[in-house]
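Remarks on the overall topology
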Amino acid sequence: MIRLGIDVGGTNTDAVLVDDDKVLHAVKTATTPDVGDGIVTALKRLVAESKVDPNRVNAVMIGTTHFTNAVVQRRHVAKVAAVRIGLPAAATLPPFVDWPADLRALVQGPTFMIEGGHELDGRPLAPFNRQAMKEAAARIRDSGVEAVGIASVFSPLNDESEQEAAEILAAVVPGLSITRSHELGRIGLLARENVTLLNAALVGLARRTADGFVRALADSGIRAPLYITQNDGTVSLAEQATRFPVHCFASGPTNSLRGAAFLSGLGDAMVVDVGGTTSDIGCLRHGFPREANSNVEVGGVRTAFRMPDLLSIGLGGGTLVDPADASKIGPVSTGYQLTERALVFGGSELTCTDIAVAAGLADLGERKRVSHLDHRFITAALARCHAMLTESVDRMKTEAGDVPLIAVGGGCFLVPEAMEGVSRIVHVPHQGVANAVGAAIAQVSGEVDQVFQSMKREEALDRAHAMAAERAVRAGALRASLAVVDQEDIPLSYLPFDSLRVRVRVVGDIEAR
Amino acid sequence: MPNPPRRITLDDLEAFATGAWILGTGGGGDPYFSLLEARQHWGAGKSVELIDPLSLDDDDPIACIGQMGAPIAMQEKMVDGPLIARTITMMEKHLGWKFKAIMMWEVGGNNGFQPFLAGALLGLPVVDCDAMGRAFPRADMTTFAIRDLPAYPWTMIDIRSNSVLLTEAVDWTWMESMTRKVCTAWGSLAATCKAPRTGRDAKVSSCLHTATKAMRIGRAVHAARRAHTDPVTAVVASEQGLLVFRGKVTDVLRRASEGWLRGTVTMEGLDENRGETFRVDFQNEWSVGWQNGDVRVTVPDLICLLDTVSGEAIGTETIRYGQRVSVIALPAPAILMSPKGLKHVGPRAFGYDLDFKTIFPEAVR
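Conventions we followed
Residues numbered from 1 in each chain as written. Chains lettered and ligands numbered in written order. Predicted model: local features only at pLDDT ≥ 70, side-chain atom pairs only at ≥ 80, totals over all residues. Helix = DSSP H or I, 4+ residues; strand = E, 2+ residues; numbered from the N terminus. Rg over C-alpha atoms; globule rule 2.2 N^0.38 Å. Buried ≥ 20, exposed ≤ 12 C-beta atoms within 10 Å, placed from the backbone. Contact = placed C-beta atoms within 7 Å. pLDDT = per-residue confidence, 0-100. Core = buried A, V, L, I, M, F, W, Y, C linked by C-beta atoms within 7 Å. Domains from an automatic or database assignment. Pairing = 2+ DSSP bridges. Axes fitted to C-alpha atoms, helices over the stretch in contact; angles between N-to-C directions. Parallel < 35°, antiparallel > 145°, perpendicular 65-115°, else oblique. Nonpolar A, V, L, I, M, F, W, Y, C, P; charged D, E, K, R; others polar. Expected span 1.5 Å × (residues − 1).

**Concerning the overall build of chain A**
Scanning chain A from terminus to terminus reveals 13 helices and 23 strands. For 513 residues, the compact-globule estimate of 2.2 N^0.38 gives 24 Å, and chain A sits close to it at 24 Å. Dimensions of chain A, computed from the C-alpha atoms along their principal axes, are close to 75 × 50 × 50 Å. Sorting the 513 residues of chain A into buried and exposed places 54% on the buried side. Long-range contacts, defined here as pairs at least 24 residues apart, represent 68% of the contacts in chain A between residues at least 6 apart.

**Details of the confidence of the model for chain B**
Considering every residue of chain B, the mean pLDDT works out to 93; 98% of them sit at 70 or more. At the level of chain-chain contacts, confidence expressed as ipTM amounts to 0.88, with global pTM at 0.85.

**Notes on the nonpolar core**
Residues and elements named next belong to chain A. Grouped together as the largest cluster of nonpolar side chains are 292 residues, with contacts concentrated most on Val148 and Val437. A total of 14 residues in this core trace back to one element, the largest contributor, which is helix 6 (residues 189–219). Residues in contact with Val148, not counting those within four places in the same chain, are Val80, Ala81, Val83, Ile140, Leu169, Leu176, Ile178 and Ala200.

**A closer look at the domain arrangement of chain B**
Residue and element names in this part refer to chain B. Taken as a whole, chain B is organised into domain 1 (6–210) and domain 2 (232–350). Its C-alpha centre places domain 1 at a distance of 24 Å from the equivalent point of domain 2. On the side of domain 2, 29 residues touch domain 1, which itself brings 29 residues to the contact.

**Details of the sheet that holds strand 3 (residues 22–30) of chain A**
Where strands meet in a sheet, backbone hydrogen bonds hold them as pairs that are either parallel or antiparallel. Residues and elements named next belong to chain A. With mixed pairing, 6 strands are arranged side by side in an open sheet as 3-2-1-4-9-10. A single partner strand is all that each edge strand has here, and the edge strands are strand 3 and strand 10 (235–237). Pairwise comparison of adjacent strand axes, ignoring direction, gives a mean angle of 25° for this sheet. Packed on one face of the sheet, helix 8 (residues 251–264) meets strand 1 (2–8), strand 4 (57–64) and strand 9 (226–229) and runs near 125° to strand 4.

**A few points about the interface of chain A and chain B**
Often the size quoted for an interface is simply the accessible area lost on bringing the parts together. Chain A puts 32 residues into the contact, and the matching count from chain B is 32 residues. Of all the secondary structure elements, the ones that give two or more residues to the side of chain A that touches chain B are helix 6 and strand 22 (483–491) of chain A. When residues in the side of chain A that touches chain B are grouped by element, the largest group, 5 residues, is from strand 22 of chain A.

**Observations regarding the pairing of strand 23 (residues 500–508) of chain A**
All names here are of chain A. Most of strand 23 is tucked away: 7 of the 9 residues are buried. In terms of strand pairing, strand 21 (residues 444–452) meets strand 23 through 9 bridges, oriented antiparallel. By the bridge assignment for strand 23, Glu447 is matched with Arg505. In terms of strand pairing, strand 22 meets strand 23 through 8 bridges, oriented antiparallel. Note on strand 23: the bridge partner recorded for Ile490 is Arg501.

**Notes on the packing of helix 1 (residues 10–23) of chain B against helix 2 (residues 32–43) of chain B**
Between two packed helices, both the angle of their axes relative to each other and the distance between the axes serve to describe the pair. All names here are of chain B. One way to put it is that helix 1 packs onto helix 2 with a least axis distance of 10 Å and a crossing angle of 175°. The angle between helix 1 and helix 2 places the two elements in the roughly antiparallel class. Across the interface between the two elements, Leu10, Leu13, Glu14 and Ala17 of helix 1 pack against Tyr32, Leu35, Ala38, Arg39 and Trp42 of helix 2. Per-class residue counts for the contact of helix 1 with helix 2 are 7 nonpolar, no polar and 2 charged.

**Some words on the sheet that holds strand 21 of chain A**
Residues and elements named next belong to chain A. Sheet architecture is open: 3 strands sit in the order 21-23-22, paired in antiparallel fashion. Edge positions in the open sheet fall to strand 21 and strand 22, since each of these has one partner strand only. Here the average twist between neighbouring strands, direction ignored, is 10°. In the packing of helix 13 (residues 457–474) onto the sheet, contacts are made with strand 21, strand 22 and strand 23, and the angle to strand 23 comes to roughly 35°.

**What to know about the pairing of strand 8 (residues 163–166) of chain B**
All names here are of chain B. The pairing of strand 7 (residues 154–157) with strand 8 spans 4 bridges and is antiparallel. Opposite Met156, over in strand 8, you have Val164 as the bridge partner. Taking the residues between adjacent antiparallel strands as the criterion, strand 7 and strand 8 are bridged by 5 residues, where Ser161 takes a positive phi near 70°.

**Observations regarding helix 1 of chain B**
Residues and elements named next belong to chain B. Helix length check: helix 1 (14 residues) gives 19 Å between terminal C-alpha atoms against 20 Å at 1.5 Å per residue, within 8%. When you tally the buried positions in helix 1, you get 11 out of 14 residues, the bulk of the element. Buried within helix 1 we find Asp12, Leu13, Ala15, Phe16, Ala17, Thr18, Gly19, Ala20, Trp21, Ile22 and Leu23. Contacts made by the buried residues of helix 1 are with strand 1 (6–8), helix 2, helix 5 (114–122), helix 9 (210–227), helix 10 (231–238) and strand 17 (302–307). Note on helix 1: the residue one or two positions beyond its end, Thr25, has a positive phi of about 45°.

**Observations concerning the domain arrangement of chain A**
When the domains of chain A are assigned, the result is domain 1 (80–207), domain 2 (312–437) and domain 3 (443–508). For domain 2 of chain A versus domain 3 of chain A, the separation of C-alpha centres amounts to 45 Å.

See below:
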């Protein structure tokens, strides 16, 4: 089975062809302002250089940091309407209440709080105010926003209010993109609402981005199904993924970590992924990224996601170095303009890549363009890079002993050859494209989320596990590789017959066919 | 010498939120929502003064407030400072006189925050003490119940402005069972003003300086995070506590009943506890922990489950499969461990046929 993995990063677009457990070929190209152009370039080179017939590709997996970057860099996020259904509860904490002011100013459109929602025991909290919802819908229509996020109190237990609101909105505002909170989150109104609103703000971008991906594939003569990688290391068909772009948050680092595990054969290790703009440090446990426990912030917004536990620092190949002070490195980066702005490429700005080339650690551009740099300055700047990485790896370590560190990413020449607290630095072939490899080997999942009645909890969980496993296998997972990654059950005391809502998620490797 | 009165800053409250959540021993709800509301009040120029209970006159009238209900209900319905403030004015109207200050019913979790919100809204100072020294699920589990102080009158309001004034109750158990029924009918969340107290009650029948303690714990966590050292160890060191277990959650069993959240969490050990198991029961708060099948720690010792990496407290309503958790124990206030105290808050008060034996060696107590 041949899988094509693509990683669209802020600086580089990488593509790899993976045949079962072996990397056939890899290319690295610059990300372009229109991401589709960069993908076309990468695919053309990949096909030409590997001589693999595009028709033999079984699946294409794209991982992208595009949506996370949009939130973090406050670009391309849409203004959205917010509908909270739950008055008279929580009136003092309206939607967007804990968002950073700059992002809030960009995203917050017409915001409404309306009577409705449910209690813990399933009774209505207050009668759903249809009239207020209709008036809100009219104002949303008049405002011209293209997306709305709806969150009602206790919607994970009873989604009636969100459904009613969605129906009214769809009728009054044709074409409005609607995100309902119960589709995305768990108990915890504010965090669930935040995720819902972020999702609404990104749906337009996701649709345009996915269209670009589809065109790029078609232009390259590839007709295999397109999947987009999610932050739990699995993939979703592009169409589904564009409805829920928030699920792609942090999928890039997840792919890097999974790619590092695949390329090194190590299941337990630290990983540093030095990209063009940042270095991400994570931790592999049994081949999977260690997850962050608590509430994860995305661009300063508190969410309730499962995400890899990562430390990101502003250090990468494109990171700017102060020519007057070698200790001043970053956080500003040339981003995708590295090949225009860095000295070795004929530009006028001093970057970490220039330092590495001058030190003989990397062979990029023209070395003579950095021959004027003072030897002591180069040593000092490199020492600073090493110190930044060493400190970050130490912060992410959770065990006392020395552990191996896998160095990946296009800028991994910045990683020192030895590090305190690290048993060895592991370099792997194709280390510059580990993220694209991670995308190519992404797993598939099977999920069950339903109410079981008239049975013991153990039986309900067993049945849910079996159903989720069956769905994963049907989606292409190898049965022997299945593992439960998420499980949650809530008793619904308002329903008769010992009702239990069970949510189970099972993932597995794609079966080679 | 009592501590001088002190103007509470938003910085103090940020630390208090982290510390109070840890003292919540899994219950009382995450103070985050109250912190969000406090940021609005403090941003608008409001604030409160924290006063030492030892500086009160014996007959100073003190309001004692908190929310009651299931933390899971608070996750969705959140908090509302104006509502909790209204329970105080409702009580004042009934009594015919005004309060001089507000004290915490329960320092642990979100409830510790309520006097700060109400104080900012009503312009009243907050007394540095509470009636639990942690969080507990029931009104008869307070120092006031242990000292047999009157349990009434009592006011309570829900989000729809249903309100109840309870003018008499035989004891705290009756007060608990009557108000619990009302609270459940309202959707497992109510704002309450408990039986009014005097300055003398605050001085001799409460847990002293617990707001300061919560702020101290919060500062220890924040300082450890800034220094990239282990925040869990920092809490243990700051409070002469004990690290009991480090592990990963393998199962969470929850059931909502009678307005409470009950259940059991099972963990398997990591690091030095590899190969071991830990099980902890909860009734809103963590109540009893078993290591490898043997009882290891019980109420009233404070059982706190913290995020192993961030040191953030983990609540019984938010703990989930796969989380990496550190179980620590903190010493309980002496009044809870007295023979009378144990009748109210010992393992038997939670339905366990167990004698209380503190996890702490004599020297620490």
